[in-house]
Amino acid sequence: MSRKNTGAWGRMCCPQHPDVALVEDYRAGDTVCPECGLVVGNRVIDVGSEWRTFSDDNGADPSRVGAAENPLLSGDLTTSIQFTGDNYDMARWQQRMGNSSSDRALIHAFGVIRLMADRLNASQAIIDRANTLFKKMTDTRALRGRSTEANCAACLYIACSQEGAVRSFKEICAVCQSASRKQIGKSFKLIIRAVGTNVDLITTGDFMSRFCSNLDLEHKTQQIATSVARQAVDLDIVTGRVPVTVAAAAIYFTCQALAIDKSAKDIGDVAGVAEATIRQTCKTMYPSRDRLFSPEIVAKGHLDQFYTMRA
């Protein structure tokens, strides 16, 4: 027969050995004193997992704990049973019955945003911000009747800018399967007008760190290319060129000035800019090389040799 004994602090303990740590026998549900074997407490509830899980096991975790509740969805917590094989239709209908039509639309949109974000290697913070923005636009009904993919792409574009991980409009369009550039642009303008959010203007500096890192260029080279791009914009040398093109051309121009073996094709593949566009932009910057580079770099003569051979 077991007896429950508590000490001065309300803690369960053995009356003969109050300072000894008790041992819990989860299989029997007993709390036992290791010194004398007295069963201090019985029918102890095991609050641990019902299953043992190991990191090397394949398949899903059998622990009966679902995912955290999504605060952006309006539905309550529900129980979902996994069906396999011939019961796939039953699982689909259970999912439809468990979520409202608005929640199903949000779940689909969140999946589209995550898929595009994975292609862009975007962080979870960007995904969360894009989901929140899409939810806000759904509540205002400002994007009603427009393509879901275009709306998701526009939200992702704004989220990247606000999180300081700028992506060009061309990069956003490249990860879309069906939405056109025009559709994404219209959704973007509607979001800016409806939500009143601010998106900073994209500059060449927003791309330099990522492009130079993907090209395995040194930090000093990145600093010089950033200065070249900034000077080219300030001096109106590259008027009419988008920032991503100016950034790619500045990197290529800097590599030629420092005799770094990087082709226009290598830089174009990373930046998403055509090789001919990079060369043409560099040709525009070449007459102003004395104002773009320091005298020490110009004195090396690598740019003169390169463009003399191509002339």
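Residues numbered from 1 in each chain as written. Predicted model: local features only at pLDDT ≥ 70, side-chain atom pairs only at ≥ 80, totals over all residues. Heavy atoms only, no water.

## Regarding the overall build of the protein chain
Counting its secondary structure elements, the protein chain contains 14 helices and three strands. Restricting to contacts in the protein chain with at least 6 residues of sequence separation, those with at least 24 account for 62%. Carbon and sulfur atoms make up 49% of the accessible area of the protein chain, which totals about 19,700 Å². (Helix = DSSP H or I, 4+ residues; strand = E, 2+ residues; numbered from the N terminus. Contact = heavy atoms within 4.5 Å. Areas by Shrake-Rupley, 256 points an atom, 1.4 Å probe, with all protein chains shown as cover.)

## A short note on the packing of aromatic side chains
Going through the model one piece at a time under the given rule, you end up with four aromatic pairs. Taking the centre distance of 5.4 Å and the plane angle of 80° together, the rings of Tyr-157 and Phe-188 count as edge-to-face. Of this pair, Tyr-157 sits in helix H4 (residues 148–162) while Phe-188 is found in helix H6 (residues 181–195), placing the two residues 31 residues apart along the sequence. Residues Tyr-157 and Phe-188 agree in their burial class; the two are buried. (Phe/Tyr/Trp six-rings, centres within 6.5 Å; stacked < 30°, edge-to-face > 60°. Buried < 20%, exposed > 50% of the residue type's maximum accessible area, 1.4 Å probe, protein only.)

## Re helix H3 (residues 124–140)
For an α-helix the count is 3.6 residues per turn, leaving residues at separations of three or four pointing the same way. Taking 1.5 Å of rise per residue, the 17 residues of H3 would be expected to cover 24 Å, and the 25 Å separating its terminal C-alpha atoms lies within 8% of that figure. Within H3 the residues assigned to the buried category are Ile-126, Ile-127, Ala-130, Asn-131, Leu-133, Phe-134, Lys-135 and Met-137. Taken from the residues just after H3, Arg-141 is the one with a positive phi, measuring 60°. (Expected span 1.5 Å × (residues − 1).)

## Section: the side chain of Ser-187
Within the secondary structure layout, Ser-187 lies in helix H6. Given a relative accessible area of 1%, Ser-187 falls into the buried group. For Ser-187, the residues in contact, after removing those within four places along its chain, are Leu-143, Arg-146, Ala-150, Asn-151 and Ala-154.

## Let's talk about the packing of H3 against H4
One way to put it is that H3 packs onto H4 with a least axis distance of 8 Å and a crossing angle of 130°. The angle between H3 and H4 falls in the class oblique. You can see that H3 and H4 cross each other, and the crossing is right-handed. Contacts between H3 and H4 involve Ile-126, Arg-129, Ala-130, Leu-133 and Phe-134 from the former and Thr-148, Asn-151, Cys-152, Cys-155, Leu-156, Ile-158, Ala-159, Cys-160 and Gln-162 from the latter. (Axes fitted to C-alpha atoms, helices over the stretch in contact; angles between N-to-C directions. Parallel < 35°, antiparallel > 145°, perpendicular 65-115°, else oblique. Left-handed = near helix turned anticlockwise from the far one by under 90°.)

## Details of the pattern of salt bridges
For the coordinates displayed, the defined rule picks out five salt bridges. Residue Lys-135 pairs with Asp-139 through a salt bridge whose shortest N-O separation is 3.5 Å. Separated by four residues within a single helix, Lys-135 and Asp-139 lie in helix H3, roughly one turn from each other. Here Lys-135 falls in the buried class, since its relative accessible area comes to 19%. The exposed category is assigned to Asp-139, whose relative accessible area is 53%. Of the charged contacts, one joins Glu-171 and Arg-210 as a salt bridge, the two residues approaching to 2.9 Å between their closest N and O atoms. Of this pair, Glu-171 sits in helix H5 (residues 169–174) while Arg-210 sits in helix H7 (residues 205–214), and the two are 39 residues apart along the sequence. (Salt bridge = Lys/Arg side-chain N within 4 Å of Asp/Glu carboxyl O.)

## Notes on the sheet that holds strand S1 (residues 23–25)
Strands in a sheet are paired, the pairing made by backbone hydrogen bonds, and the direction either parallel or antiparallel. Across the sheet, three strands lie side by side as S1-S2-S3; this open sheet has antiparallel pairing. In the strand order of this sheet, the two ends are held by S1 and strand S3 (39–41), each with one partner. Between one strand axis and the next, the sheet turns through 40° on average, direction left out of account. (Pairing = 2+ DSSP bridges.)

## Topic: H6
Compared with the 21 Å implied by 1.5 Å per residue over 15 residues, the 21 Å span of H6 between its first and last C-alpha is a close match. Listed in full, the buried residues belonging to H6 are Ile-184, Gly-185, Ser-187, Phe-188, Leu-190 and Ile-191. Those residues of H6 hidden inside the fold are in contact with H3, H4 and H5. At the exit of H6 stands Gly-196, carrying a positive phi of roughly 75°.

## Remarks on a positive patch on the surface
A contiguous patch of positive charge, built from Arg-146, Lys-182, Lys-186, Lys-189 and Arg-193, is present on the exposed surface. Secondary-structure assignment places Lys-189 in helix H6. (Patch = residues over 30% accessible without salt bridge, like charges linked within 9 Å, V, L, I, M, F, W, Y side chains within 5 Å. Lys, Arg positive; Asp, Glu negative; His and termini not counted. Charge placed at Lys NZ, Arg CZ, Asp CG, Glu CD.)

## Structural notes on unusual backbone geometry
The phi angle at Asn-121 is positive, at roughly 60°, despite the residue not being glycine. Turning to its location among the elements, Asn-121 is positioned in the loop between helix H2 (101–120) and H3. Residue classification places Asn-121 among the exposed positions, given a relative accessible area of 67%.

All we've got here are geometric facts, nothing functional implied.
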